Each structure stands twice: as structure tokens, then as C-alpha cells.
Amino acid sequence: MKAIRRFTVRPVLPEPLGRLAELARNLRWSWHPRTRDLFASVDPRLWQASGCDPVRLLGEVPPERLVELAGDADFLRRLDEAADDLRDYVAGDRWYQEQARNDGHLPRAVAYFSPEFGITAALPQYSGGLGILAGDHLKAASDLGVPLIGVGLLYRHGYFRQSLSRDAWQQEHYPVLDPNELPLALLREDDGTPAMVALALPGGRSLRAHVWQAQVGRVPLLLLDSDVEENDPGERDVTDRLYGGGSEHRLLQEMLLGIGGVRAVRAYCRLTGHPEPEVFHTNEGHAGFLGLERIHELALRDVEFDAALESVRAGTVFTTHTPVPAGIDRFDRELVARHFGPGAELPRIDAGDVLRLGMETYLGGEPNLFNMAVMGLRLGSRANGVSTLHGSVSREMFAGLWPGFDAEEVPIVSVTNGVHAPTWVAPEVFRLGARQIGERRTEDALSVGGSDRWDAVADIQDADIWELRRTLREQLVHEVRRRLHDSWRQRGAATAELGWIDGVLDPDVLTIGFARRVPSYKRLTLMLRDRDRLMELLRHPERPVQIVVAGKAHPADDGGKRLIQELVRFTDDPRVRRHIVFLPDYGMAMAQKLYPGCDVWLNNPLRPLEACGTSGMKAALNGCLNLSVLDGWWDEWFEPDFGWAIPTADGTAGDDDRRDDLEAAALYDLLEHRIAPRFYEQGPGGLPDRWIEMVRRTLTRLGPKVLAGRMVREYVEKLYAPAARAQRALDAPAAGELAAWKTRVRAAWPRVAVDHVEASATGSTAELGATFALRVRVHLGELTPDDVEVQVLAGRVDPEDHIADASAVPLKPTSGPDAQGRRVYEGPLALDRTGPFGYTVRILPSHRLLASGAELGLVAVPSEATGEEAGVLMR
């Protein structure tokens with residue numbers, strides 16, 4: 001019989017145990033070993049049964065056990081130590097506070113918006129890498145003391161739980177999540193009522209949301225929840241599922257995240273006294289509407305739209321995560337216009353201005369589509385990709401927004417992702433490090449970085465490293481067998497059929513891991529291209545390999561589901577099922593066992609479609625070696641000391657089958673001839689010395705690079721601090737000045753031109769170190785020299801005379817205007833490199849408040865009739 005009402009009964013802790021609730025409410029427990037050990041000791045069996053969730057644990061511990069603990073002096077001592085440590089961690093100065101003492105430009109606070117956050121399995125609000133990255137960003141910011149406020153949505157069904165049918169088809173399940181049973185607290189007004197944000201919808205309707213708060217160490221995470229009684233049924237379901245529903249459903253989710261999220265931040269700062277953010281960071285385009293809300297805030301203070309736009313842009317950072325256009329949310333223009341028209345949201349902003357920010361009004365775009373990433377780039381003065389290669393791909397992908405500029409000059413930089421080591425490093429790895437350099441130094445090495453601390457790994461004995469690797473592999477074997485048994489039972493198998501599972505995997509066999517989302521470009525089934533050869537590798541009599549695979553396909557992606565089905569049917573084959581397995585329901589809890597237990601982490605996407613690929617970073621931090629296509633972060637940091645690069649079949653464009661056959665064959669060759677022999681090859685002491693040395697170098701040299709702490713420091717230095725400086729410089733008068741200047745420059749630009757270019761040599765024209773004197777005549781129309789910069793671009797040229805690795809040198813005005821309105825600019829050009837060398841001249845808008853010369857997307861270059869358009873000076 002079903003209950004007619006559900007509510008949560010919270011435990012009453014004995015007074016001596018009151019600080020347990022304080023520890024459970026702060027999600028730092030999810031990455032702090034001593035706090036986790038403390039909760040595990042409350043009741044080890046219940047700790048495991050609760051999914052290592054302190055909130056659930058405390059709700060299920062028998063009262064008599066709590067009474068017993070309240071009288072346990074040793075437990076109370078450990079409890080006080082953990083609680084005192086948390087308070088010191090939250091209140092004490094950290095890296096950011098030390099930096100702020102020397103740099104007054106650091107922002108007082110940063111708001112970080114993301115559609116998903118992977119903090120812990122106990123708060124399932126993530127689907128994959130984007131959310132895990134966002135969670136690691138918050139944790140690393142907390143460790144560094146960065147004053148961040150996280151903003152997202154609270155999905156009552158999360159993403160989905162995955163199981164398999166008997167015929168290996170993915171099944172989705174959506175359990176209901178009760179916020180009262182999660183590590184969350186409602187944000188409340190001073191009178192105790194829940195804080196509420198509201199959005200106006202067409203037809204006089206409203207979308208309201210409560211604000212739930214999770215505490216991630218020092219960082220508050222605000223999650224908006226539309227499942228409130230004040231909403232009509234349709235609006236209550238807006239935050240039902242992550243990445244669910246049709247276009248309008250997704251649009252409402254993203255309006256709530258962006259517009260409602262800014263309103264939630266304002267409420268939080270008002271109620272808690274937290275400093276107002278000076279910088280707003282949107283993690284992918286889903287939260288892009290936050291810029292519109294901030295423009296509307298200024299409009300309510302009678303700031304004109306163009307000036308408000310400049311002010312908002314200055315303090316906005318946009319991170320793009322996808323090199324795949326299909327991965328970007330795009331909406332029909334009429335749908336967007338309806339939600340920002342009369343009687344709907346943001347009444348002080350014209351719907352036409354909203355549309356202009358997101359429409360694909362550039363060469364190659366679709367003019368009737370509203371693109372969330374395009375809006376993110378137009379609303380952000382600073383943008384980045386998430387690896388060096390992805391930054392390059394993004395500049396090509398969005399080059400249409402900056403016509404006239406080469407892709408390398410598109411103002412999108414790179415900050416390579418990192419992972420939060422305290423979350424992903426296995427406890428056994430942590431303990432080995434603590435034994436070597438001490439617990440506190442190990443914590444600092446994992447959270448803050450510093451190669452000196454990581455160098456200590458070089459002194460760990462080979463035998464200790466190998467024993468650790470076998471222990472982790474053995475733990476994975478037990479985890480795989482447990483999960484595989486549960487999966488087969490869900491598929492309808494009887495217990496009597498499953499005796500073979502006790503022999504699945506071997507703790508002494510080379511173990512390969514592959515786990516990620518299952519879009520086609522990640523090529524889940526590349527390993528199946530030659531099944532006979534794969535079987536030979538799995539069942540090799542002397543050097544066998546075993547493979548653990550996991551991953552979810554999007555519920556609407558039948559192609560991805562077919563890939564899973566194809567792989568699972570292969571793993572069901574009695575000839576190989578003890579050597580290769582597929583584990584359903586991939587998530588954080590599984591990942592924390594999977595990464596440490598594997599010897600090799602496999603990644604074989606279509607290059608360059610992997611933006612970063614952080615799973616390999618997490619594996620590396622546990623001594624797992626990477627085997628990957630040179631894509632994402634691996635393209636940037638690969639060295640033979642750390643693992644292996646799978647060669648790509650360049651030159652097979654349009655022949656997908658041939659490409660996959662070639663790359664699969666390369667994968668098999670690496671496994672058979674290089675990887676397996678090295679793993680099984682023993683040195684004089686009976687250990688695989690060369691393999692262990694690769695593990696050691698992975699930890700000492702790769703470890704410090706892949707940390708989320710390094711990533712967040714780069715965000716602070718390269719993006720947050722410059723954005724804060726720009727935000728402070730663009731007060732209302734300055735923003736108005738910049739907006740008026742841009743309007744004037746855009747109107748005048750059609751009459752700006754390079755009229756003539758000439759060069760006279762001052763020495764030999766073909767010798768390194770020679771200098772040319774350049775003289776350029778330009779038309780500036782109604783503009784003045786203060787409005788522009790005339791540059792010479794010089795560098796090596798290819799056979800088609802395109803300049804690569806160009807360096808720009810400004811030229812100086814020397815005369816003008818003459819009777820025809822022409823001005824003369826002059827300057828030297830030094831021949832600073834050998835080989836094919838060329839130059840050209842261009843005119844760019846110039847203003848002290850521009851973030852880059854390409855910001856307006858305006859450039860004037862010589863026409864073919866202009867003297868020397870691109871002089872080739874040396875061959």
C-alpha cells in the first residue's frame with residue numbers, strides 16, 4: 001500500500017555527537033580521508049550500505065549505537081579533531097588570500113554557473129565529464145580559497161540510472177530524489193520562509209523556484225528547484241531531469257539557470273553578507289542567459305542597452321567544452337522571441353536585442369537559429385577552450401564571429417582541464433604517499449600541487465609500488481564481480497546460472513579500463529573491429545589482457561544504445577566473458593574504484609573531437625598508464641614515459657571504415673607488441689621494473705600537471721583577474737563611452753582602407769637581421785588615429801603566401817590627412833627569422849577598454865590593387 005504523503009524524519013544526535021551533523025552537511029567529507037574514516041567507523045556495514053553518504057548513514061544508525069559513540073572518548077576525540085580541522089579549513093587563509101594581499105585586482109567573488117555538478121555520488125546531479133569537471137572546479141576553488149559561488153539546477157530525477165535488458169538494450173530508470181534526504185539546506189529569508197526566485201512566462205504565467213544550498217568546503221553551491229507548490233504542473237516539471245524534454249523544456253531550464261541563477265546569487269548575498277560577484281563564469285552555453293539578466297539589472301537603473309552590454313561583457317568569462325556543433329543547444333528564433341516578448345521576461349530589453357546576441361548571423365551559420373554558445377561568446381569578453389588542441393579547434397569552429405581574422409587570432413584562449421586529486425586518488429595511494437612524505441604534505445600535494453612534493457614519489461620502493469598496484473587491481477576484480485552479478489540478476493538471470501562470475505577477471509592480469517559517455521565519436525566499439533584478434537589478446541596463454549568497460553548513452557541516442565548492445569553481446573560470449581566485461585550505471589562511485597584498479601586507461605575518440613577527456617587524468621593520478629589517441633589533454637602532455645599514443649589514420653577523410661580499421665589495428669599492435677610484453681617482463685628482482693618506472697614517472701611528472709588546483713589557478717590569473725579589472729574600469733560613464741565609440745567605429749568602418757604600402761630596404765634584402773622601412777598610406781574616413789592601430793604583420797609564409805606565427809608591430813602616424821584624406825604611417829620591419837618570410841599591413845579598431853584587437857570583428861587589409869599586399873621577402 002502506497003503512502004499518501006512522504007516526509008523525512010531526521011535523527012536526534014546525542015549532544016556530544018552534535019558536530020557530526022556539521023561534518024555531514026559540508027561536502028568536504030567527500031574528499032577528506034580522515035572525515036570519511038570517522039563516518040565509516042560509526043557503523044562500517046551501514047556506511048557501505050548507505051553508499052558512503054553521511055546523511056543517510058546518520059538517518060539509519062540505531063539509537064543505541066549513537067549512545068555508545070557518545071560515551072566513546074576516542075571517537076569523540078577524533079570527532080573534535082575533524083570538526084576543528086573543517087573550521088580551520090573554511091575560515092583560514094589559503095592560496096587566494098595570499099595572492100590577494102599582493103594583487104588588489106583579484107575579484108572579491110566569482111559566480112560559476114553550470115547545468116550540472118558532480119560533487120559526490122550522494123548528490124547525483126551530473127551526467128558526465130562536464131558535471132564532474134564543474135564539481136572538481138568547485139572543490140579546487142575551495143582548497144585554494146577562491147571566493148566562488150556555484151550555481152546550478154536541482155533535478156528531482158537526476159540524470160538516469162542505467163541497467164540492461166536480457167538482450168543487452170540500455171534501460172533508463174529515474175528514481176525520485178527527495179532534497180530533504182540529500183546534503184542540502186533550503187535558503188531561507190530572515191523570517192524563516194524559503195527564498196524564492198520567479199521568472200515571468202508568456203500568457204501571464206510564472207516559473208518559481210526554491211534555492212537549495214550545498215556547502216562544498218568553503219564554496220556555496222546554489223541549486224534551483226522548480227518543484228514547488230506555487231507552480232502549475234508544467235512549471236513544476238521544469239527541473240525534472242537533466243538534459244530531458246523538448247526544445248521549450250530545455251529553454252525554460254536554461255532561462256531558470258541563467259536568469260533565475262543570477263537572482264538566486266543576489267538573494268544569497270543579501271541574506272548571508274557574501275560579497276557580490278564581480279566576475280560571472282558560464283561553464284558551457286547553457287547558462288548564457290545570465291548575461292541578459294545582468295543587463296536587465298542595469299536597465300532598471302536606466303542604463304542604455306549598449307552601455308549595459310559593455311559593462312556585463314567586461315566581467316563575464318565563457319568556457320566552451322564541445323568541439324562538436326551538435327553538442328550545442330540551439331533554439332528556433334520564434335521560440336526565444338516569444339519568451340522575451342511583451343508580458344514575458346526582461347521587459348526592459350527589446351526582444352530584437354536578445355535575438356541579435358544569439359543568432360547565427362555569420363557566414364556558414366543558420367540565421368533562424370539561436371545558438372547558446374554564440375550568445376556566450378558575444379556576452380563574454382573572455383573565452384576559453386579546455387585544452388590547447390580544443391582551443392585551436394574552437395577558434396576554427398567560431399571563426400565566423402570574427403570575419404577577416406585568421407583563426408589563430410580569434411580571442412579564445414585555452415585553460416586545460418584538471419581533476420581534483422583528493423576526490424579521485426584511492427585511499428591506498430594516499431596512505432602510501434602519507435607514509436613517504438607525511439599526511440599533511442600529501443594533502444597539499446594533491447590539492448595545491450608543487451613538483452617538489454610529487455618528486456618524493458621517486459623514492460618509493462619498486463616493491464611497494466607493485467604491491468599497491470596489485471592491491472588496487474584485486475579490489476577492482478571484487479567490485480567488478482559484485483556489479484556484474486547484480487547486472488545479470490537485473491537482466492533476469494537466476495543465481496544458479498551465475499557461478500562463472502566468480503572467475504571473472506584475474507588480479508594478476510594486465511587490466512585495461514574504458515569508461516565514458518557513448519556518443520559515436522568516442523568509438524566504444526573500436527576494440528571490436530577485429531574480434532578474432534581481440535579474442536587472441538584476451539586469451540593469450542602467456543600475456544593475457546582483460547578489459548573493463550562502462551558508459552551511458554543519452555536516453556534519446558539509439559545509435560549509442562546500439563553500440564552498447566553490440567559490445568555487451570560480445571562480452572556475453574562464454575569464450576571471453578571472464579576476460580572482458582561491461583558494467584552498467586557508470587557514475588562517480590564506480591569510477592572511484594575503476595580508475596585506480598586499471599593498469600592502462602584506453603581512450604580512442606575521433607581526433608580532434610575530444611575536448612579534453614579527463615578520465616585519463618584521474619587514472620594517471622593512481623599510477624595507471626594512458627593509451628590514447630593524441631586528442632584533448634593527451635595531445636598536449638603525452639610523453640613515452642607516461643604511456644602510448646595510438647596513431648591516427650590521417651588522410652582517410654570520407655572513408656570511416658578504413659580509418660577505424662587502421663586505428664584499431666594500431667591499437668592491437670600496441671597491446672600485443674609493446675604494452676603486454678612490458679607489463680609481464682620481469683627484471684632481476686622478479687618485478688616488472690620498466691613498467692614500475694613508467695608508473696613512477698606518471699606520478700612525478702604528469703601528476704602535478706593534471707591537478708584541478710593548477711587549472712583553477714590559471715583561471716584566476718588568466719581570466720578572472722583580468723575580467724575583474726575590466727569590470728571595475730567599466731563603470732557607467734566608461735561603459736557608455738565605450739558603447740558610443742563602438743557605434744561610431746562600426747558606422748565609419750566601411751570607409752577605412754589601406755591605400756598603398758611600400759618598403760625600402762636599409763640593408764641586404766635577403767639577410768637575417770636586415771631592416772625594412774615601411775611606409776603605408778591609409779584612409780580613416782571619419783575616424784582619427786586615436787581610434788585605430790595600423791599594424792604590420794610578419795612571419796613565415798607557406799607556398800600560398802599565407803603568414804603563419806605572425807608577429808604584429810604597430811606603425812606610427814607621421815603625416816596627414818592630405819587633400820584626399822589620406823594619412824601616412826611608418827615604421828621598421830626587422831627580418832628576425834630565416835626561410836620564407838612575408839608581411840602584410842592591416843588596420844584594427846583600438847581603444848584602451850577593448851579586451852582584444854579582434855573584439856569588434858573589424859579589420860581593413862590591403863586590396864589586390866594596393867602596392868604590395870603581402871610581400872614575400874625571403875625564400
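In this report, we go over the structure that sits alongside the text. All values reported here derive from a predicted model rather than from experimental measurement.

**Focus: the sheet that holds strand 19 (residues 625-629)**
Link 1 in the chain: As summarised here, the arrangement of the six strands in space is 17-16-15-18-19-20, forming an open sheet in which the pairing is parallel. If you trace the sheet from one side to the other, it starts and ends with strand 17 (580-583) and strand 20 (643-646), each paired once. Each neighbouring strand pair of the sheet contributes to a mean axis angle of 20°, computed without reference to strand direction.
Link 2 in the chain: Pairing of strand 15 (residues 510-515) with strand 18 (residues 600-603), which is carried by two bridges, proceeds in the parallel orientation. Note that in strand 18 the partner of Gly 513 across the bridge is Trp 601.

**Remarks on empty space enclosed by the protein**
Link 1 in the chain: One pass over the full model with this rule turns up eight cavities of 30 Å³ or more.
Link 2 in the chain: Computed from the structure, the largest cavity encloses a volume of approximately 300 Å³.
Link 3 in the chain: Taken together, 23 residues make up the lining of the largest cavity; nearest its centre are Val 429, Gly 433, Trp 454, Val 457 and Leu 699.
Link 4 in the chain: Counting residues per element, the ones that place at least two in the lining of the largest cavity are helix 18 (427-437), helix 19 (439-447), helix 20 (451-455), helix 21 (462-490) and helix 28 (689-702).
Link 5 in the chain: Each residue belonging to the lining of the largest cavity can be placed in one class, and the counts come to 16 nonpolar, five polar and two charged.
Link 6 in the chain: One number sums up the size of the second largest cavity: a volume of about 90 Å³.
Link 7 in the chain: Around the second largest cavity, the lining comprises 13 residues; the ones closest to its centre are Leu 484, Trp 488, Thr 571, Asp 572 and Phe 582.
Link 8 in the chain: Every element with two or more residues in the lining of the second largest cavity is listed here: helix 21, helix 23 (558-571) and strand 17.
Link 9 in the chain: When its residues are assigned to classes, the lining of the second largest cavity shows eight nonpolar, two polar and three charged.

**With respect to the pairing of strand 4 (residues 170-173)**
Link 1 in the chain: Of the strand pairs in this sheet, strand 3 (residues 161-164) and strand 4 are connected by four bridges, and their pairing is antiparallel. Following the sheet pairing, Ser 163 is matched in strand 4 by Gln 171.
Link 2 in the chain: With antiparallel pairing between neighbouring strands as the criterion, strand 3 and strand 4 make up a hairpin whose turn holds five residues, including Ala 168 at a positive phi of roughly 75°.

**Re helix 30 (residues 732-748)**
Since the α-helix packs 3.6 residues into each turn, any two residues three or four apart lie on the same face.
Link 1 in the chain: Taking 1.5 Å per residue as the helical rise, helix 30 with its 17 residues ought to reach 24 Å, and the 24 Å between its terminal C-alpha atoms agrees with that figure.
Link 2 in the chain: Every buried residue of helix 30 is listed here: Ala 734, Ala 735, Leu 738, Ala 739, Trp 741, Lys 742, Val 745 and Ala 748.
Link 3 in the chain: Structurally, helix 30 contributes buried residues whose contacts are with helix 12 (305-314), helix 29 (708-729) and strand 27 (837-845).

**Quick notes on the packing of helix 8 (residues 129-144) against helix 29**
Working note: a packed helix pair is described by the angle between its axes plus the distance between those axes.
Link 1 in the chain: Axis separation between helix 8 and helix 29 bottoms out at 8 Å; the angle between their running directions is 80°. Regarding the angle of helix 8 to helix 29, the classification is roughly perpendicular. Residues Leu 133, Asp 136, His 137, Ala 140, Ala 141 and Leu 144 of helix 8 form the contact with helix 29, whose own contacting residues are Ala 708, Gly 709, Met 711, Val 712, Arg 713, Tyr 715 and Tyr 720.
Link 2 in the chain: Grouping the amino acids of the contact of helix 8 with helix 29 by side-chain chemistry returns nine nonpolar, two polar and two charged.

Criteria and cut-off values
Residues numbered from 1 in each chain as written. Predicted model: local features only at pLDDT ≥ 70, side-chain atom pairs only at ≥ 80, totals over all residues. Heavy atoms only, no water. Pairing = 2+ DSSP bridges. Helix = DSSP H or I, 4+ residues; strand = E, 2+ residues; numbered from the N terminus. Axes fitted to C-alpha atoms, helices over the stretch in contact; angles between N-to-C directions. 1 Å grid on protein atoms, 1.4 Å probe; cavity = no way out; pocket = protein on both sides within 12 Å on 5 of 7 lines; lining within 4 Å. Points joined across faces, edges and corners; volume = space filled by probe spheres on them. Nonpolar A, V, L, I, M, F, W, Y, C, P; charged D, E, K, R; others polar. Expected span 1.5 Å × (residues − 1). Buried < 20%, exposed > 50% of the residue type's maximum accessible area, 1.4 Å probe, protein only. Contact = heavy atoms within 4.5 Å. Parallel < 35°, antiparallel > 145°, perpendicular 65-115°, else oblique.

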